[in-house]
Amino acid sequence: MIKILCVFFCMNLFSLCHAQHKVRFILREKTAIKHDSIYITGTFSNWDSSLNKNYLLQPYGKNEKSIEITIAPGTHRYKFHRGNWFTVEKQYNAYEVADRIITISRDTIFKDVVFGWRDEIISDKTLRLTLERSDSARVSIMAAIANIYAFVAEYFNADSALNYAQRALLIVQRTEGSLHSKQLNKTGFNDQLINLQEVIASLLHSLGNFQKSLELRFENLKLAELEKNDWAIIDAIKNITADYHSMKDFENVLLYGKRIDSLAKRIDKNDPAYFLANWTANNTIADAYYRLNRPDSALLYARKMNVAHMNDTWIGYTIIGNLLLADIYSINGYVDSAFAYYRNTIPMAAYNKATGAIADIQAGLARLFQKTGRLDSALIYAKWALVFFQTNKAEVRAWGENNDSYVAEISPLLAELYRANGQIDSAYKYLHLSVSIKDSLYNSDKIRQFQTLGFNESSRRQELEQQSKEAKRQYETKIKLYGLISIITGFVVLAFVLYRNNKHKQNANTLLQIQKQEIENTLGELKITQSQLIQSEKMASLGELTAGIAHEIQNPLNFVNNFSEVNAELLTEMKDELDNGNIDDAKVIANNAIENQQKILQHGKRADAIVKGMLQHSRSSSGVKE
């Protein structure tokens, strides 16, 4: 029996494992350029990216394509392409589309949308740009193109990015003073201006023009302050610190980092922006202290970044925090902790394709190996880091950074390592490389321009603070003045109220005297009226009594009169009957007359009783209640 059950179970399991389900995929293209040939690929096709007709989508409904595939149950991943990986789908902003994950357990339908293709990410938007007529739509498209050229390494082109960003900026600035400016402000005019200026500033920064970048970012700070949006201000300040960091002005980095910290404290802790603002403040301050060679303070703030609840969502921030902690442990002499953080961070960075972080880790390990006397290892890691920054200019600039800054920072390390190995020529080569780059980035003119911008901003800040103090002083003066006016007004109102109350009291007393006299007069009149009413009531009562007596006597009298008249008629009839000799009839009439006579006597006695009762009532009373 057990064998039979086992066989039955295995057969069912085999059938389930080999069950197939029909799955329909429906796709809509939200692109300006439409395509006839779109394919689907995934785990069910072993990620076949060729022109395989078995996975070609067919026209389906309006502006849609579809394909039905028989797929085994379970979890599958898939994407859309147009014949190879160079034509795979992309997000609108050119970022990678994550694998679409589905779980198949029955026949089902999936609907998807494609916003762009890798090979047409720019051309699709340029076509849409020619079709659009509204300025707001054109600005949005040009901003998207500029962002792709500026921040996606695969498409990085500084000139094109600047071109589109400046064209969009001109439209925004032109409409600022138009009749529609109020409407634009409602729909995020300042946000558009800030975003476009930040794209330009980031490009200028990546090209080494830190002065012009800082100038634009100071403008963005003013706009953010006009918006009175703490997070917008924090974001603007964070970008400003990038320029100060590149110019090695770490005192100002620390100053602005502390300003971010004070702003972060004003954000509600339940707001998702709070964590990012707090992390940004701690990272900026910790890095500034590290660069200023104040490792204890750096470590204090760096530890605040790596809070326990960091998860995969914040993996990029975890990598940055771990790298900074490793650097700080290194200068503090905590070699083992530094090595641990560097090495534990490498897999995270590799998995998330954070190549820049890997290069920074290599540079950090080179310094650590140098400190521990392992010069060969230090030289290898320093070279790897330098080669990355020399050969990946587009990628580094797509971060908004200047690769020469990194080369200038690593070159002296290589020069020291080669000098320690006795390779003077190589040491001179890298020292010369560092000096030439630093001269181009940090020459006296650029430093003077940078300092001038910083001075102007400092003056503006002081002026704003002075205006704020003056406004506060004027406000306090107004409050005091209003308070004094309120007190004086209160006394005046109180005096007026007391005077009015006194006047009302006098008027009330006079009125009361008049009313008292009127009441006394009215009371006298009421007494007279009361006597008259009593007399009237007596007369009325007498009249009612008389009417009642008359009514009571009238009834028996009416009976007496009526029966007397009837008897007179009966006696006449009886006489006639006697004359006619009708003795019997005459007797009947006589009997009727006798009955009537008895009734006359009865009602006469009733009238007599009424009269006697009246006489009895009119006699003097003993006063006893009866």
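Structure first, text after, so check above.
Here the structure is a predicted model, which means the values were calculated and not measured. (Residues numbered from 1 in each chain as written. Predicted model: local features only at pLDDT ≥ 70, side-chain atom pairs only at ≥ 80, totals over all residues. Heavy atoms only, no water.)

### Brief notes about the overall build of the chain
Along its length, the chain carries 20 helices and nine strands. Counting only contacts in the chain whose residues sit at least 6 apart along the sequence, the fraction spanning at least 24 positions is 67%. For the chain, the accessible area works out to roughly 37,600 Å², and carbon and sulfur atoms hold 55% of it. (Helix = DSSP H or I, 4+ residues; strand = E, 2+ residues; numbered from the N terminus. Contact = heavy atoms within 4.5 Å. Areas by Shrake-Rupley, 256 points an atom, 1.4 Å probe, with all protein chains shown as cover.)

### Let's talk about unusual backbone geometry
In the Ramachandran plot, Ala 94 falls in the positive-phi region, its phi being about 80° despite a non-glycine side chain. For Ala 94, the location among the structural elements is in the loop between strand S6 (89–90) and strand S7 (100–104).

### Here's the deal with the sheet that holds strand S5 (residues 74–81)
With antiparallel pairing, three strands are arranged side by side in an open sheet as S2-S5-S7. The two strands at the open ends of the sheet, each matched to only one other strand, are strand S2 (39–42) and S7. Neighbour-to-neighbour, the strand axes of the sheet open up by a mean angle of 40°, direction not taken into account. Summarising the sheet, S5 and S7 pair through five bridges and their orientation is antiparallel. By the bridge assignment, Arg 77 is partnered in S7 with Ile 101. (Pairing = 2+ DSSP bridges. Axes fitted to C-alpha atoms, helices over the stretch in contact; angles between N-to-C directions.)

### Things to note about the packing of helix H10 (residues 272–291) against helix H12 (residues 315–332)
Two numbers describe a pair of packed helices, the interaxial angle and the distance between the axes. Packing of H10 against H12 brings their axes to within 11 Å, and their N-to-C directions diverge by 25°. As the angle between them shows, H10 and H12 are arranged roughly parallel. As H10 packs across H12, the resulting crossing turns out to be left-handed. Contact residues: H10 offers Leu 276, Trp 279, Asn 283, Ala 286, Asp 287 and Tyr 290, while H12 offers Tyr 317, Ile 320, Gly 321, Leu 324, Asp 327, Ile 328 and Ile 331. Of the residues that constitute the contact of H10 with H12, the class distribution is nine nonpolar, two polar and two charged. (Parallel < 35°, antiparallel > 145°, perpendicular 65-115°, else oblique. Left-handed = near helix turned anticlockwise from the far one by under 90°. Nonpolar A, V, L, I, M, F, W, Y, C, P; charged D, E, K, R; others polar.)

### Quick word on the nonpolar core
Counting 109 residues, the largest nonpolar core has Leu 203, Tyr 342, Phe 389 and Leu 414 as the members making the most contacts within it. Ranked by residue count, the leading element in this core is H10, at 10 residues. Non-local contacts of Tyr 342, meaning those with residues more than four positions away in its chain, are made with Leu 323, Ala 326, Asp 327, Ser 330, Ile 361, Gly 364, Leu 365 and Leu 368. Counting residues in each nonpolar core, the second largest holds 18 residues, with Val 23, Phe 44, Ile 104 and Val 114 among its members. (Core = buried A, V, L, I, M, F, W, Y, C linked by side-chain atoms within 4.5 Å. Buried < 20%, exposed > 50% of the residue type's maximum accessible area, 1.4 Å probe, protein only.)

### Points about the pairing of strand S1 (residues 21–29)
When a strand is regular, its side chains alternate between the sheet's two faces. With eight bridges joining them, S1 and strand S4 (residues 64–71) adopt antiparallel strand pairing. Within S4, the residue paired with Val 23 across the bridge is Ile 69. When S1 meets strand S8 (residues 108–114), the two strands line up parallel, connected through seven bridges. Bridged to Ile 26 within S8 is Lys 111.

### Topic: the sheet that holds S4
The strands making up a sheet associate through backbone hydrogen bonding, with each pair oriented either parallel or antiparallel. Strand order in the open sheet formed by four strands is S3-S4-S1-S8, with mixed pairing between adjacent strands. What marks the edges here is a single partner per strand, and that holds for strand S3 (58–59) and S8.

### What about the packing of aromatic side chains?
In this structure the tally under the stated criterion is 19 aromatic pairs. Ring plane angle 25° and centroid distance 6.0 Å describe the contact between Phe 25 and Phe 110, whose orientation is recorded as stacked. Linking Phe 25 in strand S1 with Phe 110 in strand S8, this pair joins segments that are 85 residues apart in sequence. The same class applies to Phe 25 as to Phe 110, namely buried. Sitting above the plane of the Tyr 92 ring, Lys 125 keeps its charged end 4.0 Å from the centroid. Here the basic side chain of Lys 304 rests over the ring of Tyr 301, its NZ or CZ set 4.5 Å away from the ring centre. (Phe/Tyr/Trp six-rings, centres within 6.5 Å; stacked < 30°, edge-to-face > 60°. Lys NZ or Arg CZ within 6 Å of the ring centre and 35° of its normal.)

### Quick notes on helix H17 (residues 403–420)
Compared with the 26 Å implied by 1.5 Å per residue over 18 residues, the 26 Å span of H17 between its first and last C-alpha is a close match. Of the positions making up H17, those classed as buried are Asn 403, Ser 405, Tyr 406, Val 407, Ala 408, Ile 410, Ser 411, Leu 413, Leu 414, Ala 415, Leu 417 and Tyr 418. Between the side-chain oxygen at the start of H17 and the backbone nitrogen of Asp 404 there is a gap of 3.1 Å, and the oxygen is on Asn 402. Gly 422 lies just past H17 and shows a positive phi near 85°. (Expected span 1.5 Å × (residues − 1). Polar contact = N/O pair within 3.5 Å; in protein donor to acceptor, adjacent residues only side chain to side chain.)

### Description of the pattern of salt bridges
In the structure shown here, the tally under the stated rule is 24 salt bridges. Residue Glu 215 pairs with Lys 212 through a salt bridge whose shortest N-O separation is 3.6 Å. You can see Glu 215 and its partner Lys 212 sitting in helix H7 (residues 210–227), three residues apart, about one turn around the helix. Of the residues examined, Glu 215 reaches a relative accessible area of 35% and is grouped as partly exposed. Taken together, the shared-partner salt bridges connect Arg 77, Lys 79, Lys 90, Glu 96 and Asp 99 into one network. (Salt bridge = Lys/Arg side-chain N within 4 Å of Asp/Glu carboxyl O.)

### Things to note about the packing of helix H8 (residues 230–246) against helix H9 (residues 250–264)
Remark: H8 packs on H9, axes separated minimally by 9 Å, with the N-to-C direction vectors making an angle of 165°. As far as their axial angle goes, H9 and H8 are roughly antiparallel. Our pair here, H8 against H9, has a crossing hand that is left-handed. Here Asp 230, Ile 233, Ile 234, Ile 237, Lys 238, Ile 240, Thr 241, Tyr 244 and His 245 of H8 come into contact with H9, specifically with Phe 250, Asn 252, Val 253, Tyr 256, Arg 259, Ile 260, Leu 263 and Ala 264. Its residues assigned to classes, the contact of H8 with H9 shows 11 nonpolar, three polar and three charged.

### A closer look at the side chain of Glu 225
Relative to the helices and strands, Glu 225 is located in helix H7. Judged by relative accessible area, Glu 225 falls into the buried class, the value being 19%. A polar contact of 2.8 Å, which involves the side chain of Glu 225, links it to the side chain of Arg 259.

### Some thoughts on the side chain of Thr 284
Note on placement: Thr 284 falls in helix H10. With relative accessibility at 7%, the residue Thr 284 sits in the buried group. At 2.7 Å, the side chain of Thr 284 and the backbone oxygen of Thr 280 are in polar contact.

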